[in-house]
Amino acid sequence: MARLKEIDSPLVQPEVVDSVVRQAHSILQSLAENRSAEAAELSRRIGHARAVGGVRPADSLRAAALLFDTTLPVVRDVLIEHDALDEFVGVVSVLHDAIYGRVLAAAVSYVNLLLTQIYESHFMERRRIARELHDQVAHTIAVGMQQLDLRSIDLSRRDGDRADDRLETLRESLVEALVIVRELAGDLRRTPTRDGFGVALHRYADTVAVKGTDIRVGIDGDLESIALEVRDELYFVVREAIRNAVIHSRSGEILAHVVMSDSVFEAVVEDFGEGFDPEKEANDERGTRSGLTSMRERMEILGGTLKIVSSPGLGTRITAQVRL
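In this text the structure is predicted, and so the values were computed from the model without any measurement.

1. Remarks on a negative patch on the surface
No. 1: Together, Asp-159, Asp-161, Asp-164 and Asp-165 make up a region of like negative charge exposed at the surface.
No. 2: On the secondary structure map, Asp-165 appears in helix 6 (residues 160-187).

Below, the structure written as structure tokens:
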């Protein structure tokens, strides 16, 4: 454990350290008793538990390397004691296969969990788009159709001025529907940040800004150095935070600041509006801020964190951070 602490491994965390000890004992025991099937099942369970806890396969691989390095001198001394040093290469090969075979089995569980999280995240995104189409686009078009019907009544009453007002309301409804559809179409693009993270975020802020709300976006650091697929996921998180603020906060000012420094990405979106109770919202299956779940899942998949600080009447501050 001391060696793991030296490299600042997350495997020394109290909730994980017991599985590390069990895995090490199981590896050595399997060498002596040939219990490979049982060992593989243990590795899969441990791999799943570590994935849930945010421990990456790279951390397990470093721990495996330390175990291998620590065990080698012991193996050598035992072979010398039994005058069997000529078997050293064969024993080392078996030890290597036993240790790294466990890492592989655990990594498969980690990948399976990530695939599940990705599916759930995409499912939530599809549900959000479906909800937007139903609640906003369909409603806006229905308002426009209603104005047409009312205009017909106004014309029959020879009320030309009111009929013209109906047309203007219809036009505004269609423009609003068009903006929403364009926004949703942008959501479906595979690479929204291809032209640059800052460009995409400023464009989005200009699209969703409403009268009376000032959205200020600040970008610092080399965000374009981030891999495109990761950059897109991070953009979706920041975009959703801005979107939630626009829809729910009723704040006159929304601040979004994104920075990339020393391989750490951090985005802070803050408003000064109505605020809410994050714990109550998380426990409410019908919560209006379902985008928070999608944001949190995206950050977890990337190995990062999402922190929400909010209170009713005191605004909201959302911080997304990940080391890349």
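Still to come is the rest of the account.
2. Details of a nonpolar patch on the surface
No. 1: On the surface, a nonpolar cluster with roughly 240 Å² of combined accessible area is contributed by Val-111, Leu-115 and Ile-118.
No. 2: Residue Val-111 is classed as partly exposed on the basis of its relative accessible area of 44%.

3. Concerning the pattern of salt bridges
No. 1: As enumerated under the stated definition, the model contains nine salt bridges in all.
No. 2: Across the pair Arg-166 and Asp-154 runs a salt bridge whose closest N-O atoms are separated by 2.9 Å. Within this pair, whereas Arg-166 is found in helix 6, its partner Asp-154 is found in helix 5 (residues 88-156), the two being separated by 12 residues in sequence.
No. 3: Its relative accessible area of 16% is what places Arg-166 among the buried residues.
No. 4: Overall, Asp-154 belongs to the buried group, its relative accessible area being 4%.
No. 5: In this structure, Arg-298 and Glu-233 form a salt bridge, with 2.5 Å as the shortest nitrogen-oxygen distance. Taken together, the residues span a long stretch of sequence, with Arg-298 in helix 10 (residues 291-301) and Glu-233 in helix 8 (residues 228-249) at a distance of 65 residues.
No. 6: With a relative accessible area of 4%, Arg-298 lands in the buried category.
No. 7: Overall, Glu-233 belongs to the partly exposed group, its relative accessible area being 22%.
No. 8: Connected via shared salt-bridge partners are Asp-214, Arg-216 and Glu-253.

4. Structural notes on the side chain of Thr-319
No. 1: If you trace the backbone, Thr-319 turns up in strand 5 (residues 316-323).
No. 2: Using a relative accessible area of 17% as the deciding quantity, one classes Thr-319 as buried.
No. 3: For Thr-319, the residues in contact, after removing those within four places along its chain, are Glu-266, Ala-267, Val-268, Thr-305, Leu-306 and Lys-307.

5. Details of helix 7 (residues 197-208)
Residue pairs three or four apart in sequence face the same way in an α-helix, which turns once every 3.6 residues.
No. 1: An ideal rise of 1.5 Å per residue puts 16 Å on 12 residues; helix 7 measures up with 17 Å between its terminal C-alpha atoms.
No. 2: The set of residues buried in helix 7 consists of Phe-197, Gly-198, Ala-200, Leu-201, Tyr-204, Ala-205 and Val-208. Buried residues of helix 7, seen end-on, are gathered within an arc of 165° and therefore sit on one face of the element.

6. Re the sheet that holds strand 3 (residues 264-271)
No. 1: Here we have five strands laid out as an open sheet, ordered 1-2-3-5-4, and mixed in their pairing. Each end of this open sheet is capped by a strand with a single partner; those strands are strand 1 (214-220) and strand 4 (305-310). Averaged over neighbouring strand pairs, the angle between their axes works out to 10° when direction is ignored.
No. 2: Together, strand 1, strand 2 (253-261), strand 3, strand 4 and strand 5 form the strand contacts of helix 8, whose direction differs from that of strand 3 by roughly 5°.

7. A short note on unusual backbone geometry
No. 1: Notably, Arg-250 is not glycine yet its phi reads approximately 55°, a positive angle.
No. 2: At Ser-263, a position not held by glycine, the phi torsion is positive, near 65°.
No. 3: One can find Ser-263 in the loop between strand 2 and strand 3.

8. A word on the pairing of strand 4
When a strand is regular, its side chains alternate between the sheet's two faces.
No. 1: Residues Leu-306, Ile-308 and Ser-310 point to one face of strand 4 and are all buried, whereas Thr-305, Lys-307 and Val-309, pointing to the other face, are not buried.
No. 2: Sheet topology places strand 4 next to strand 5; six bridges connect them, and they run antiparallel. Within the sheet, the bridge partner assigned to Ser-310 lies in strand 5 and is Thr-316.
No. 3: Between strand 4 and strand 5, which pair antiparallel and follow one another directly, the connecting turn spans five residues, one of which, Gly-313, has a positive phi of 85°.

About the cut-offs
Residues numbered from 1 in each chain as written. Predicted model: local features only at pLDDT ≥ 70, side-chain atom pairs only at ≥ 80, totals over all residues. Heavy atoms only, no water. Patch = residues over 30% accessible without salt bridge, like charges linked within 9 Å, V, L, I, M, F, W, Y side chains within 5 Å. Areas by Shrake-Rupley, 256 points an atom, 1.4 Å probe, with all protein chains shown as cover. Salt bridge = Lys/Arg side-chain N within 4 Å of Asp/Glu carboxyl O. Lys, Arg positive; Asp, Glu negative; His and termini not counted. Charge placed at Lys NZ, Arg CZ, Asp CG, Glu CD. Helix = DSSP H or I, 4+ residues; strand = E, 2+ residues; numbered from the N terminus. Buried < 20%, exposed > 50% of the residue type's maximum accessible area, 1.4 Å probe, protein only. Contact = heavy atoms within 4.5 Å. Expected span 1.5 Å × (residues − 1). Arc of directions from axis to C-beta. Pairing = 2+ DSSP bridges. Axes fitted to C-alpha atoms, helices over the stretch in contact; angles between N-to-C directions.

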